[in-house]
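Below are the chains, spelled out letter by letter.
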Amino acid sequence: TTRHVKTILKWPTDVVSIDHAQDLSASQPPKAHTVLCFVPGNPGLVGWYVPMLQALVRTLGVGYAARGISYAGHGVTKETVNVEKREGKGDRDVSWTVDGQIQHKLAWIDGIEQEF
(Lines give C-alpha, C1' and ligand atoms only; values in the text may rest on other atoms or scores of the structure.)
Protein backbone atom coordinates (compact mmCIF):
# COMPACT_ATOMS: atom_id res chain seq x y z
CA THR A 1 0.00 0.00 0.00
CA THR A 2 1.34 3.39 -1.02
CA ARG A 3 -0.14 6.66 0.23
CA HIS A 4 1.04 9.87 -1.34
CA VAL A 5 0.01 13.36 -2.39
CA LYS A 6 -0.55 13.93 -6.09
CA THR A 7 -1.37 17.30 -7.66
CA ILE A 8 -4.50 17.03 -9.80
CA LEU A 9 -5.91 20.18 -11.46
CA LYS A 10 -3.59 22.27 -9.22
CA TRP A 11 -4.96 20.58 -6.08
CA PRO A 12 -2.59 18.55 -3.90
CA THR A 13 -4.69 15.44 -3.28
CA ASP A 14 -4.34 12.40 -1.02
CA VAL A 15 -4.26 9.21 -3.11
CA VAL A 16 -3.64 5.56 -2.34
CA SER A 17 -2.36 2.66 -4.45
CA ILE A 18 -2.88 -0.95 -3.41
CA ASP A 19 -1.43 -3.84 -5.41
CA HIS A 20 -1.82 -7.52 -4.64
CA ALA A 21 1.52 -9.28 -4.23
CA GLN A 22 1.44 -13.05 -3.82
CA ASP A 23 5.20 -13.33 -3.35
CA LEU A 24 6.37 -10.74 -0.81
CA SER A 25 9.99 -11.33 -1.83
CA ALA A 26 9.26 -10.24 -5.43
CA SER A 27 10.64 -6.80 -6.25
CA GLN A 28 7.55 -5.87 -8.30
CA PRO A 29 3.93 -6.91 -7.74
CA PRO A 30 2.32 -8.88 -10.59
CA LYS A 31 0.77 -6.69 -13.29
CA ALA A 32 -2.92 -6.05 -12.58
CA HIS A 33 -5.55 -7.09 -15.10
CA THR A 34 -8.28 -5.25 -13.15
CA VAL A 35 -7.95 -1.93 -11.31
CA LEU A 36 -10.67 -0.80 -8.92
CA CYS A 37 -11.00 2.99 -8.86
CA PHE A 38 -12.41 4.14 -5.52
CA VAL A 39 -13.97 7.55 -4.87
CA PRO A 40 -15.19 7.88 -1.28
CA GLY A 41 -18.58 9.03 -0.14
CA ASN A 42 -18.80 11.00 3.07
CA PRO A 43 -16.26 11.55 4.52
CA GLY A 44 -14.34 12.40 1.36
CA LEU A 45 -11.01 11.23 2.81
CA VAL A 46 -9.57 8.10 1.17
CA GLY A 47 -7.53 7.26 4.27
CA TRP A 48 -10.69 6.13 6.08
CA TYR A 49 -11.18 3.39 3.47
CA VAL A 50 -7.65 1.94 3.15
CA PRO A 51 -8.30 -1.15 5.35
CA MET A 52 -11.43 -1.98 3.32
CA LEU A 53 -9.58 -1.55 0.01
CA GLN A 54 -6.69 -3.71 1.26
CA ALA A 55 -9.12 -6.46 2.30
CA LEU A 56 -10.91 -6.25 -1.04
CA VAL A 57 -7.71 -6.57 -3.09
CA ARG A 58 -6.45 -9.37 -0.83
CA THR A 59 -9.77 -11.25 -1.22
CA LEU A 60 -9.89 -10.81 -5.00
CA GLY A 61 -6.30 -12.03 -5.30
CA VAL A 62 -3.49 -11.77 -7.80
CA GLY A 63 -4.21 -9.55 -10.80
CA TYR A 64 -6.33 -7.03 -8.91
CA ALA A 65 -5.29 -3.58 -7.73
CA ALA A 66 -7.06 -0.59 -6.23
CA ARG A 67 -6.52 3.13 -6.55
CA GLY A 68 -8.30 5.60 -4.29
CA ILE A 69 -8.55 9.37 -4.07
CA SER A 70 -9.78 11.97 -1.61
CA TYR A 71 -11.93 14.86 -2.74
CA ALA A 72 -10.14 18.06 -3.71
CA GLY A 73 -10.00 20.22 -0.59
CA HIS A 74 -10.61 17.27 1.75
CA GLY A 75 -7.08 16.36 2.73
CA VAL A 76 -5.49 15.75 6.11
CA THR A 77 -1.78 16.12 5.27
CA LYS A 78 -0.02 19.47 5.53
CA GLU A 79 0.23 19.56 1.71
CA THR A 80 -3.55 19.22 1.30
CA VAL A 81 -4.93 21.50 4.04
CA ASN A 82 -5.84 25.16 3.34
CA VAL A 83 -4.73 24.87 -0.30
CA GLU A 84 -7.11 27.59 -1.49
CA LYS A 85 -5.24 30.12 0.68
CA ARG A 86 -1.92 29.52 -1.11
CA GLU A 87 -0.97 31.61 -4.11
CA GLY A 88 -1.41 29.83 -7.44
CA LYS A 89 -3.03 26.76 -5.89
CA GLY A 90 -6.52 25.49 -5.38
CA ASP A 91 -9.07 26.90 -7.79
CA ARG A 92 -12.23 26.99 -5.66
CA ASP A 93 -14.32 25.99 -8.68
CA VAL A 94 -12.64 22.58 -8.41
CA SER A 95 -13.11 21.94 -4.70
CA TRP A 96 -16.38 23.74 -4.03
CA THR A 97 -18.52 22.61 -6.98
CA VAL A 98 -19.84 19.25 -8.08
CA ASP A 99 -18.63 19.89 -11.64
CA GLY A 100 -15.16 20.73 -10.31
CA GLN A 101 -15.01 17.53 -8.27
CA ILE A 102 -16.11 15.53 -11.33
CA GLN A 103 -13.36 17.11 -13.46
CA HIS A 104 -10.88 16.38 -10.66
CA LYS A 105 -11.83 12.67 -10.64
CA LEU A 106 -11.78 12.42 -14.45
CA ALA A 107 -8.24 13.85 -14.50
CA TRP A 108 -7.24 11.28 -11.84
CA ILE A 109 -8.73 8.42 -13.90
CA ASP A 110 -6.81 9.64 -16.95
CA GLY A 111 -3.63 9.24 -14.89
CA ILE A 112 -4.58 5.70 -13.87
CA GLU A 113 -5.16 4.77 -17.50
CA GLN A 114 -1.64 5.95 -18.30
CA GLU A 115 -0.24 3.92 -15.40
CA PHE A 116 -1.70 0.68 -16.71
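The text that follows walks through the structure, step by step, so that each part is easy to find.

Basis of the calculations
Residues numbered from 1 in each chain as written. Predicted model: local features only at pLDDT ≥ 70, side-chain atom pairs only at ≥ 80, totals over all residues. Heavy atoms only, no water. Salt bridge = Lys/Arg side-chain N within 4 Å of Asp/Glu carboxyl O. Helix = DSSP H or I, 4+ residues; strand = E, 2+ residues; numbered from the N terminus. Buried < 20%, exposed > 50% of the residue type's maximum accessible area, 1.4 Å probe, protein only. Phe/Tyr/Trp six-rings, centres within 6.5 Å; stacked < 30°, edge-to-face > 60°.

**Concerning the pattern of salt bridges**
Under the defined criterion, the tally for this structure stands at 2 salt bridges. Among the salt bridges present, the one from Arg67 reaches Asp19, with a minimum N-O distance of 3.1 Å. One end of the pair, Arg67, is in strand 4 (residues 64–69); the other, Asp19, is in strand 2 (residues 11–19), with 48 residues separating them in the sequence. Exposure remark for Asp19: the relative accessible area of 34% places this residue in the partly exposed category. Measuring nitrogen to oxygen at the nearest pair gives 2.7 Å for the salt bridge that ties Arg67 to Glu115.

**Some details on the packing of aromatic side chains**
For the structure on display, the rule yields 1 aromatic pair. On the basis of an interplanar angle of 55° and a centroid distance of 5.0 Å, the ring pair of Phe38 and Tyr49 is categorised as tilted. Residue Phe38 is found in strand 3 (residues 34–38), and its partner Tyr49 is found in the loop between strand 3 and helix 1 (50–60); the two are separated by 11 residues along the sequence. Overall, the relative accessible area of 18% leaves Tyr49 in the buried class.

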